[in-house]
Amino acid sequence: MSKTAKIYVTLKKSVLDPQGNTVKHALNSLGFKGVQDVRLGKYMEIKLNGETKSSVEDQIRKMCDKLLINPVIEDYTYEIEDE
Amino acid sequence: MKFGVVVFPGSNCDQDCFHTLKDILKQKVDYIWHKDPSISGYDCIILPGGFSYGDYLRTGAIARFSPVMKSIIREAKRGRRVLGICNGFQILLEAGLLPGAMLRNRNLKFICKYVHIRVENNNTPYTKLFSQGDVLKIPIAHGEGCYYADEDTIKKLEKRGQIIFRYSDIKGEATPSANPNGSLGNIAGICNEDGNVLGMMPHPERSSEGVLGSEDGKRIFESIIKEGLWV
């Protein structure tokens with residue numbers, strides 16, 4: 001059985017996000033005056049083998065720790081869905 | 001002395017490093033393909049600049065798992081000299097041989113120009129021919145060179161003399177306007193605790209002969225040669 005993991009990567013709160021700032025200014029200048037802050041991130045979708053949600057979660061966490069995320073600057077969250 | 005220049009798919013300063021070492025400094029030098037797991041026989045390993053693996057995922061994140069990196073990590077911990085330039089610096093950060101990470105330049109632009117850097121610590125194999133406070137004219141060429149580390153790490157780097165180069169003006173003042181990319185503390189280069197691993201964003205191999213506009217980078221390679229063989 002296969003599952004899909006949706007991983008959301010964001011810059012840590014303590015890390016300045018110049019892309020987000022630029023987008024925020026663009027939105028403000030387009031008239032969206034209520035926009036206070038924008039943070040940009042990455043989205044990854046991984047389809048993988050796995051019987052149970054917990055076994056898939058275990059793999060995803062290992063992948064994030066080893067390669068997908070740089071813990072110095074990034075945080076992540078994920079969702080696991082059935083195919 | 002024998003140098004090894006590692007070639008990853010996407011490296012593009014490997015030939016400049018090779019040329020500088022062989023033709024200008026008259027040293028023995030080999031290319032090391034990233035799939036070659038052996039680095040025995042080299043006194044100093046150079047991780048050159050470029051765009052290893054197209055900078056996919058994060059700069060250096062995939063190159064860091066190339067077969068050659070296992071030996072480099074092991075040997076670096078034993079004291080062998082490893083110099084990472086630009087993308088090579090990014091790979092060293094991803095490999096955990098140096099602390100911190102690189103973010104996109106503060107102005108979001110790829111910056112390719114001459115800058116000045118100040119020597120902060122001349123007690124390393126890479127800077128022993130300099131005096132503290134010397135100012136070098138040297139080019140940078142990167143899109144992700146904004147050095148970041150948490151406050152504790154920066155304090156430790158400062159305390160242990162691991163900050164080797166800072167961006168400065170021509171007089172050696174590390175002012176905000178002399179900081180091209182937003183790096184914390186104007187940091188342009190750092191070393192590990194033992195001083196045998198150096199990462200720097202500027203390109204010494206592009207400033208090692210007069211015809212290129214500066215020879216200041218050559219002193220870094222000459223320092224390594226002065227340090228001598230690795231036993």
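Our subject is the structure listed above.
What you see is a predicted model; the values in this text were computed from it and never measured.

## Looking at the overall build of chain A
Here is step 1 of the chain: When its secondary structure is counted, chain A shows two helices and three strands.
Here is step 2 of the chain: From first element to last, N terminus to C terminus, chain A shows the α and β order β-α-β-α-β.
Here is step 3 of the chain: Relative to its length of 83 residues, chain A is extended, with a C-alpha radius of gyration of 16 Å against a globular reference of 12 Å.
Here is step 4 of the chain: Counting only C-alpha atoms, chain A reaches 50 × 25 × 15 Å along its principal axes.
Here is step 5 of the chain: Residues classed as buried in chain A amount to 14% of the 83 residues present.
Here is step 6 of the chain: Sequence-distant contacts, at least 24 apart, represent 72% of the contacts inside chain A between residues at least 6 apart.

## Looking at the interface of chain B and chain A
Here is step 1 of the chain: With ten residues of chain B at the contact, the number on the chain A side is eight residues.
Here is step 2 of the chain: Of the residues contributing to the side of chain B that touches chain A, the split by class is six nonpolar, one polar and three charged.

## Structural notes on the nonpolar core
Here is step 1 of the chain: Residues Val6, Ile45, Ile46 and Leu92 of chain B are the most contacted members of the largest nonpolar core, which totals 69 residues.
Here is step 2 of the chain: In this view, Ile46 of chain B contacts Phe3, Gly4, Val5, Val6, Cys17, Leu83, Ile85 and Gly88 of chain B; residues no more than four positions away in its chain are not counted.

## A look at helix α1 (residues 18-29) of chain A
Helical geometry: 3.6 residues make up each α-helical turn, so side chains three or four residues apart lie on a common side.
Here is step 1 of the chain: Over its twelve residues, α1 of chain A extends 17 Å from the first C-alpha to the last, a length consistent with the 16 Å expected when each residue adds 1.5 Å.
Here is step 2 of the chain: At the exit of α1 of chain A stands Gly31 of chain A, carrying a positive phi of roughly 105 degrees.

## Concerning the sheet that holds strand β2 (residues 41-49) of chain A
Residue and element names in this part refer to chain A.
Here is step 1 of the chain: In space, the three strands of this open sheet follow the order β2-β1-β3, with antiparallel pairing throughout. In this open sheet, the two edge strands, each paired with only one partner strand, are β2 and β3 (74-82). Taking each pair of neighbouring strands and ignoring which way they run, the sheet shows an average axis angle of 20 degrees.
Here is step 2 of the chain: Where strand β1 (residues 2-11) meets β2, nine bridges bridge the pair, whose relative direction is antiparallel. Bridge assignment links Thr4 to a residue of β2, and that residue is Lys47.

Conventions adopted
- Residues numbered from 1 in each chain as written.
- Chains lettered and ligands numbered in written order.
- Predicted model: local features only at pLDDT ≥ 70, side-chain atom pairs only at ≥ 80, totals over all residues.
- Helix = DSSP H or I, 4+ residues; strand = E, 2+ residues; numbered from the N terminus.
- Rg over C-alpha atoms; globule rule 2.2 N^0.38 Å.
- Buried ≥ 20, exposed ≤ 12 C-beta atoms within 10 Å, placed from the backbone.
- Contact = placed C-beta atoms within 7 Å.
- Nonpolar A, V, L, I, M, F, W, Y, C, P; charged D, E, K, R; others polar.
- Core = buried A, V, L, I, M, F, W, Y, C linked by C-beta atoms within 7 Å.
- Expected span 1.5 Å × (residues − 1).
- Pairing = 2+ DSSP bridges.
- Axes fitted to C-alpha atoms, helices over the stretch in contact; angles between N-to-C directions.

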